[in-house]
Amino acid sequence: ELKVEQNPLFLSMQEGKNYTIYCNYSTTSDRLYWYRQDPGKSLESLFVLLSNGAVKQEGRLMASLDTKARLSTLHITAAVHDLSATYFCEVNRDDKIIFGKGTRLHILP
Amino acid sequence: NAGVTQTPKFQVLKTGQSMTLQCAQDMNHEYMSWYRQDPGMGLRLIHYSVGAGITDQGEVPNGYNVSRSTTEDFPLRLLSAAPSQTSVYFCASSYSFGTGYQLETQYFGPGTRLLVL
């Protein structure tokens with residue numbers, strides 16, 4: 001059974017600090033996606049990771065995928081208030097699509 | 001391109017009523033899906049379709065029905081609304097390759113907030 005665990009579920013951090021969000025999944029998959037959701041809004045695609053060792057970067061966010069460890073990380077560098085949002089990872093394998101429960105990120109000015 | 005559109009934005013139903021949530025996309029994506037989002041639960045897949053005429057159940061299909069007669073449209077029908085179906089519903093579409101389940105990324109609609117009294 002495909003399960004996806006995201007942690008932490010809530011993170012409050014100061015501007016300028018670095019932090020990492022983790023996404024673990026239970027069965028083999030080489031496709032993992034990260035999304036951002038602002039309060040009351042829809043989901044917006046951030047990164048698509050389609051192979052082991054894939055690393056993608058956009059501004060202060062960097063995502064990586066280790067399929068052997070069944071782990072993806074979303075790293076935030078020198079956080080700014082605009083990055084406050086909820087971040088979701090999604091794993092799909094065959095016809096199964098499972099989202100993590102989301103990490104609500106609150107960045108304090 | 002409008003992307004993925006959903007109507008209505010907000011709906012209040014009484015228990016037992018039926019309704020259809022509309023979803024359309026103009027990106028010629030084969031894959032379309034419906035999710036519900038509840039606090040603390042992430043998104044859960046209700047139904048999905050890998051092309052016109054082909055639909056299948058996701059994780060939480062009970063109480064919902066779908067059909068896909070065209071590539072563009074993928075309506076979700078609530079057969080007899082229950083308070084447990086109070087949620088935010090998102091439709092999404094994606095380019096798919098390989099077996100049809102390998103997705104590029106999903107593009108989400110703006111959502112429909114449903115309240116069942």
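For the structure, check the block above.
Residues numbered from 1 in each chain as written. Chains lettered and ligands numbered in written order. Predicted model: local features only at pLDDT ≥ 70, side-chain atom pairs only at ≥ 80, totals over all residues. Heavy atoms only, no water.

Asks: For this particular structure, what's the right way to read the interface of chain A and chain B?
Replies: Of the residues lining the interface, 21 residues belong to chain A; the matching set on chain B comes to 21 residues. When the two sides are added together, the surface that chain A and chain B hide from each other amounts to roughly 1,600 Å², 56% of it contributed by carbon and sulfur. Sorting the residues of chain A by area buried against chain B places D95, I97 and F99 of chain A first, and these three jointly supply 29% of that buried surface. In this assembly, chain A and chain B are joined by 6 residue pairs in polar contact (both at pLDDT 80 or more). (Contact = heavy atoms within 4.5 Å. Buried area = accessible area lost by both parts, 1.4 Å probe. Polar contact = N/O pair within 3.5 Å; in protein donor to acceptor, adjacent residues only side chain to side chain.)

Asks: Looking at this structure, I do not really get the environment of N1 of chain B. What am I missing?
Replies: Considering the arrangement of structural elements, one finds N1 of chain B in the segment before strand 1 (4–7). Given a relative accessible area of 89%, N1 of chain B falls into the exposed group. (Helix = DSSP H or I, 4+ residues; strand = E, 2+ residues; numbered from the N terminus. Buried < 20%, exposed > 50% of the residue type's maximum accessible area, 1.4 Å probe, protein only.)

Asks: Looking at this model, I keep getting lost on the sheet that holds strand 7 (residues 61–66) of chain A. Mind explaining?
Replies: Hydrogen bonds between backbone groups are what pair the strands of a sheet, and the pairing can be parallel or antiparallel. All names here are of chain A. Reading across the sheet, the 5 strands line up as 1-3-8-7-6 and stay open at both edges, with antiparallel pairing between neighbours. Every other strand in the sheet has two partners, leaving strand 1 (4–7) and strand 6 (55–58) as the edge strands with one partner each. With direction set aside, neighbouring strand axes in the sheet form an average angle of 15 degrees. Where strand 7 and strand 8 (residues 71–76) come together, 6 bridges link them in antiparallel fashion. Across the sheet, the residue bridging to A63 is L74, located in strand 8. (Pairing = 2+ DSSP bridges. Axes fitted to C-alpha atoms, helices over the stretch in contact; angles between N-to-C directions.)

Asks: Help me out: how do you make sense of the sheet that holds strand 3 (residues 19–25) of chain B in this one?
Replies: Residues and elements named next belong to chain B. Here we have 4 strands laid out as an open sheet, ordered 1-3-8-7, and antiparallel in their pairing. In the strand order of this sheet, the two ends are held by strand 1 and strand 7 (64–66), each with one partner. Neighbour-to-neighbour, the strand axes of this sheet turn through a mean angle of 20 degrees, independent of strand direction. In this structure, strand 1 lies alongside strand 3, joined through 4 bridges in antiparallel fashion. Looking at strand 3, one finds that T7 is bridged to Q22.

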